[in-house]
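The lines below spell out each chain.
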Amino acid sequence: MEAKKLDETIANADQWEAAQTQLSEDNLEMLQMRMGPDTALLKPSHFINYLFSQQNAPDFAKLFDDTLMDIAISNNDVFAVKTDGGAKVVLFDRLSNYIADDSKRDNFCRAIINKLVEFSFERIFTQKFDFYATIFEYLIKDYNSNSGGKYAEYFTPHAVARIMAEIQVPKAQQGQIKNVSVYDPSAGSGTLLMNVAHAIGENRCSIYTQDISQKSSNLLRLNLILNNLVHSIPQVIQGNTLLHPYHKDGSELKRFDYIVSNPPFKLDFQRLPRRVG
């Protein structure tokens, strides 16, 4: 999408991926330098069409996973999420590793590529969160019913999040507010944050979050990418907000213009250490 905005030849090509693949290394590097700092840097070998053309290669699952990891490492500065200890969590895992039977991994990765190659991602970034709300709620429900872990995922229904956003940012203020911060100390996949950010304007606010769940932090990161809020990914922290709040101004907790939260009800608050004084 960004390449089409900057290069007329790519924009007018019947197959833009093929047109971009034909660029020399120098011209591709110049094109990427003109892209915004929040844009992923991709090589021709990263494109879905390239992987689709290689799906019958031996050990395709390894090629698929290696491609994901190369994209993640190449864009680590932009898309990595930090833990409260400062470690970086990269954008992708080796996906085929989740298939226990080695003999089925190639077919699993081929099935993914064959679905993705049919789908156009170009309009995604203009759809905003309404396009994804049902998908994210489905995923979180699935985690709740199947994982059963200590930190089972919870979500705020999209209708409730929309009402909360309208209360915090009335229509009369929309488009008028700028340079503000929005915080959620138990962000989950970001339903509340996305609604408030869209009410304010994605380029008019910065998102700050913390959540104890790696699964939720990964979904939130994807949500930020899909909603033109990549600039806020460095403020996404995976960690326990109650025990180790990350966002501070010096020794004091940081203050924010807007705060939303669906509290982490599953935590055993009686076991948390109490502050004296």
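The shown structure was predicted, so the numbers you read here are calculated from the model rather than taken from an experiment.

Colleague: Can you explain the nonpolar core? Please cite residues and give values.
Modeller: Ranked by size, the top nonpolar core spans 30 residues in total, and within it Val182, Leu193, Ile200 and Leu224 carry the most contacts. When residues in this core are grouped by element, the largest group, seven residues, is from helix H12 (residues 191-200). Leu51, Phe64, Cys109 and Ile113 belong to the second-largest nonpolar core, a separate cluster that totals seven residues.

Colleague: Describe the packing of helix H11 (residues 158-168) against H12, listing the residues and the values that go with them.
Modeller: The interhelical angle for the contact between H11 and H12, taken along N-to-C directions, is 40°, at an axis separation of 8 Å. One finds that H11 runs oblique with respect to H12. Like other packed secondary-structure pairs, H11 and H12 cross with a definite hand, here right-handed. Residues His158, Ala161, Arg162, Met164 and Ala165 of H11 touch H12, and the partners they reach there are Thr191, Leu192, Asn195 and Val196.

Colleague: Now, about unusual backbone geometry: what can you tell me, with residues and values included?
Modeller: A positive phi is found at aspartate 59, a non-glycine position, where the angle reads about 55°. Topologically, aspartate 59 is positioned in the loop between helix H5 (48-53) and helix H6 (60-74). Look at asparagine 228: it is not a glycine, yet its phi comes out positive at around 55°. When you line up the elements, asparagine 228 lands in the loop between helix H13 (214-226) and strand E5 (236-238). On the basis of relative accessibility, which here comes to 40%, the residue asparagine 228 falls in the partly exposed class.

Colleague: Quick rundown of the environment of serine 189? Include the residues and the values.
Modeller: With respect to the element layout, serine 189 can be found in the loop between strand E3 (180-184) and H12. In the structure, serine 189 is positioned 30 residues away from leucine 219 in sequence and 5.1 Å away in space, judged by C-alpha atoms.

Colleague: Describe in detail the packing of H6 against helix H8 (residues 105-116), supporting the description with residues and values.
Modeller: Look at H6 against H8: their axes get within 7 Å of each other, and the N-to-C directions meet at 55°. Judged on the interaxial angle alone, H8 and H6 are oblique. For the pair H6 and H8, the crossing hand works out as left-handed. Of H8, the residues touching H6 (which contributes Phe60, Ala61 and Phe64) are Arg105, Asp106, Cys109, Arg110, Ile112 and Ile113. Its residues assigned to classes, the contact of H6 with H8 comprises six nonpolar, no polar and three charged.

About the cut-offs
- Residues numbered from 1 in each chain as written.
- Predicted model: local features only at pLDDT ≥ 70, side-chain atom pairs only at ≥ 80, totals over all residues.
- Heavy atoms only, no water.
- Core = buried A, V, L, I, M, F, W, Y, C linked by side-chain atoms within 4.5 Å.
- Buried < 20%, exposed > 50% of the residue type's maximum accessible area, 1.4 Å probe, protein only.
- Helix = DSSP H or I, 4+ residues; strand = E, 2+ residues; numbered from the N terminus.
- Axes fitted to C-alpha atoms, helices over the stretch in contact; angles between N-to-C directions.
- Parallel < 35°, antiparallel > 145°, perpendicular 65-115°, else oblique.
- Left-handed = near helix turned anticlockwise from the far one by under 90°.
- Contact = heavy atoms within 4.5 Å.
- Nonpolar A, V, L, I, M, F, W, Y, C, P; charged D, E, K, R; others polar.

Read these as spatial facts, not as claims about activity.
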